[in-house]
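# Chains, contacts and geometry: an overview
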Amino acid sequence: MDRMTRRTFLGAAATTAAGAAAGPWVLRAQAQGGPVKVGILLPYSGVYAVLGESITQAMELVFARESWTVAGRKIELIKEDTEAKPPVGIRKADKLIDSDKVDILTGPVHSGVLMGMRDKVHNSKTILIVSNAGADVISRERCSKWIFRTSFSNWQPNWPMGGWVAKNVSKEVFLVAPNYQAGKDMMTAFKETYLPAGGKVVAEDYPKLSETDYAPYLTKIKQSGAKAVYAFFSGSDAVNFVKQFDQFGLKQSIKLTGAGFLTEPDVLPAQGRSALGVITGHFYTPLLDNPVNKKFVADFKAKFGGKTPDGFAVQGYDTAEVIVRALKAVNGNTQDKDKLVAAIARTEFDSPRGRFRFDQKSHNVIQPFIYIREVKEVAGGLDNVPIDKVADVTDPGTGCTLPA
Ligand code: PHB
């Protein structure tokens, strides 16, 4: 037995009745030789379908660069469509954890899905790398040793914008966002700096997620007398809101500002010139002048038919990069979860957005910068051009400590 090679050893183990007689250490050796199962829980239909697509594409770009093998183990992706609906997402999370027994889970996009699956992830000790959903409490009261976030907390892109809009745009603003956790979190973060800077919220309104007709809301905005709007919408909601804001004739008299998701490249082509002049805050723009981003933009365009990567794609890139680097650091051993979690927490690298690192207190990414960006016409068409920036934007969450 001692002199058996690993190959003959595994072969011998496989011929025993399903390995049952071979002892737990043999089973472990078999499992370690198998693929690393990565569960991808994202919307591929519904309001946020374009986000799920961008995140997945960039993950695949990184894994393809590694020839789909890391530390000797194949990477196997198991994708499930949440439809951006909490009940569906929670059911699919259960399936990935209980039936597929994934080694690492990533997603979701919708804060409600994340909130709904959080206890299951925590109690089952499933490693979750959140690749979009920003629910603030996941970096705060409801943080978990097993949960990391490569994307943002909802607070991060919005908190710097309150003070900036008060100083540079208007001290009278109308707030509008979809009526669920992410919309509420983002408007709250904006107010944290807008109100102390002397800003006044004229009114706020929360249409349902996936609204298609914003006319009643635009009427209220017009009648409110506000000089500016601060909005969060994303995916098909962002396309509809920005186009209807223009068609309603508000663009000439009221400045539209918001969270970066409002005018990301996933929706900008569909919005067209209606988006010109919109000012938003975000951790990324494809125009960032650093070598990793230049290569990322070029590789992404080459692989996906000329498509410009957006912030969601960067979230997918960084999630895959964290997985690759952490797996290499533990030599592909996914059984020792404490070691894997510690390796994930320590991961640091140059991302298209700048230096990537987790805040050890919250397991949430520290944003190297939040850029204030304005949609302008540039050589390649419309783009989010940075006009200002705020450095090292760290969620105030203090709940989590790096496991021993
Ligand atoms: C969220 O639900 O947390 C969410 C969804 C879409 C975004 C940003 C945040 O663009």
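Residues numbered from 1 in each chain as written. Predicted model: local features only at pLDDT ≥ 70, side-chain atom pairs only at ≥ 80, totals over all residues. Heavy atoms only, no water.

### Observations concerning the packing of aromatic side chains
Put simply, the test is: Only Phe, Tyr and Trp rings take part, Trp by its six-membered ring, and two of them pair if their centres are within 6.5 Å. Stacked means planes under 30 degrees apart, edge-to-face means over 60, and tilted covers everything else. To qualify as a helix, a DSSP run of H or I must reach at least 4 residues; to qualify as a strand, a run of E must reach at least 2; elements of each kind are numbered from the N terminus. For the exposure calls, accessible area comes from a 1.4 Å probe over protein chains only, and a residue counts as buried if that area is under 20% of its type's maximum, exposed if over 50%, partly exposed in between. Consider the ring centre and the ring normal. A charge sits over the ring if Lys NZ or Arg CZ is within 6 Å of that centre and within 35 degrees of that normal.
Following the criterion strictly, the structure yields 19 aromatic pairs and no others. Between the aromatic rings of phenylalanine 296 and phenylalanine 300, the centroid separation amounts to 5.7 Å while the plane-to-plane angle is 55 degrees, which identifies the pairing as tilted. Highlighted residues: phenylalanine 296 and phenylalanine 300, both in helix α11 (residues 291-303), separated by four residues, approximately one helical turn. Pair check on accessibility: phenylalanine 296 and phenylalanine 300 agree, each one buried. Geometrically, the ring pair formed by phenylalanine 300 and phenylalanine 304 is tilted, given 4.8 Å between the ring centres and 55 degrees between the ring planes. For the pair formed by phenylalanine 300 and phenylalanine 304, the shared burial category is buried. The cationic tip of arginine 353 hangs over the ring face of phenylalanine 283; the distance from NZ or CZ to the ring centre is 4.2 Å. The side chain of lysine 389 reaches across the aromatic face of phenylalanine 369, ending 4.4 Å from its centre.

### Considering the environment of alanine 231
Tracing the chain through its elements places alanine 231 in strand β9 (residues 228-231). Its relative accessible area of 0% is what places alanine 231 among the buried residues. Expressed as a C-alpha distance, the spacing of alanine 231 and proline 265, which sit 34 residues apart in the sequence, is 17 Å.

### A short note on the domain arrangement of the chain
For clarity, the cut-off: The split of the chain into domains comes from an automatic or database domain assignment. Contacts were defined at the residue level, with two residues in contact if any of their heavy atoms lie within 4.5 Å. Take the accessible area each of two parts loses on contact, using a 1.4 Å probe, and add the two losses: that sum is the buried area. Any carboxyl oxygen of Asp or Glu within 4 Å of a side-chain nitrogen of Lys or Arg constitutes a salt bridge here. Two N or O atoms form a polar contact when they lie within 3.5 Å of each other; inside protein one atom must be a possible hydrogen donor and the other a possible acceptor, and for residues adjacent in sequence the pair counts only when both atoms belong to side chains. Think of it as three bins: nonpolar holds Ala, Val, Leu, Ile, Met, Phe, Trp, Tyr, Cys and Pro, charged holds Asp, Glu, Lys and Arg, and polar takes everything else, Gly as well.
For the chain, the assigned domains are domain 1 (29-152 + 289-365) and domain 2 (155-282 + 368-393). Counting residues at the interface gives 25 residues for domain 1 and 22 residues for domain 2. Taken together, the two surfaces of domain 1 and domain 2 that pack against each other cover about 1,800 Å², and 56% of this comes from carbon and sulfur. Summed over the three residues of domain 1 that lose the most area to domain 2, namely Val47, Tyr48 and Phe152, the buried surface amounts to 29% of that side. Summed over the shared surface of domain 1 and domain 2, the number is one salt bridge. Between arginine 357 and aspartate 392 there is a salt bridge; the shortest N-O distance is 3.6 Å. Taken together, the links from domain 1 to domain 2 amount to seven residue pairs in polar contact (both at pLDDT 80 or more). Residues that form the side of domain 1 that touches domain 2 fall into these classes: eleven nonpolar, eight polar and six charged.

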